[in-house]
Amino acid sequence: AGPTPFRLPALLSELRARALQPNEVTYTAAIGACERLETWAHALALLEEMHTALLEPDARVWIAAMYACKNGSRWDLALVLCSRLARLGAVIGA
């Protein structure tokens, strides 16, 4: 079975239990899954978790989180993420 919104946090916890630390690639994949599953709240939680883990999300992560918000009909949050990404100096669409 594919990822479900409720299994994503458990999968990341399982990595930690096996003494493996999620990295930028892990979070990018997880947030990308949130985008496809339209689970904006999980995407935002994972984005916050990246910051807590002192991992720097790249433009792909921000864009995936924006699309998760858009796909979940949370345009307001997608626009907030877009402005944060712009403040970081990333060029969208590049």
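Given the structure is predicted, the values throughout are model-derived calculations rather than measurements.

A. Region of interest: the pattern of salt bridges. Taken as a whole, this structure holds two salt bridges when the rule is applied. Residue Asp58 is joined to Arg60 by a salt bridge in which the shortest nitrogen-to-oxygen separation is 2.5 Å. When the shortest N-O distance is used, the salt bridge between Arg74 and Asp76 registers 2.8 Å. Given the relative accessible area of 26%, Arg74 is considered partly exposed. Here Asp76 falls in the partly exposed class, since its relative accessible area comes to 43%.

B. Just helix α5 (residues 75–87), in detail. The first and last C-alpha atoms of α5 sit 18 Å apart over 13 residues, in line with the 18 Å expected at 1.5 Å per residue. Turning to α5, its buried residues number three or more, namely Ala78, Leu81 and Leu85. For α5, the angular spread of the buried residues around the axis is 65°, confining them to a single face. Among the exposed residues of α5, those oriented more than 90 degrees off its buried face are Leu79 and Arg87. Each element contacted by the buried residues of α5 is listed here: α3 (40–52) and α4 (59–71).

C. Quick peek at the packing of aromatic side chains. Within this structure, the stated rule accounts for zero aromatic pairs. The ring of Trp40 carries Arg74 above its face, with NZ or CZ at 4.7 Å from the centroid.

D. Representation of the environment of Ala33. By secondary structure assignment, the location of Ala33 is in helix α2 (residues 24–37). Using a relative accessible area of 5% as the deciding quantity, one classes Ala33 as buried.

E. Up close: the nonpolar core. Among the nonpolar cores identified, the biggest contains 19 residues, and Ile31, Leu46, Leu47, Met50 and Leu81 are the most heavily contacted of them. Taken together, the elements giving at least two residues each to this core come down to α2, α3, α4 and α5. A per-element tally of this core places α4 first, with seven residues. Apart from residues no more than four positions distant in its own chain, Ile31 is found in contact with Ala43, Leu46, Leu47, Met50, Val61, Ala64 and Ala65.

About the thresholds
Residues numbered from 1 in each chain as written. Predicted model: local features only at pLDDT ≥ 70, side-chain atom pairs only at ≥ 80, totals over all residues. Heavy atoms only, no water. Salt bridge = Lys/Arg side-chain N within 4 Å of Asp/Glu carboxyl O. Buried < 20%, exposed > 50% of the residue type's maximum accessible area, 1.4 Å probe, protein only. Helix = DSSP H or I, 4+ residues; strand = E, 2+ residues; numbered from the N terminus. Expected span 1.5 Å × (residues − 1). Arc of directions from axis to C-beta. Contact = heavy atoms within 4.5 Å. Phe/Tyr/Trp six-rings, centres within 6.5 Å; stacked < 30°, edge-to-face > 60°. Lys NZ or Arg CZ within 6 Å of the ring centre and 35° of its normal. Core = buried A, V, L, I, M, F, W, Y, C linked by side-chain atoms within 4.5 Å.

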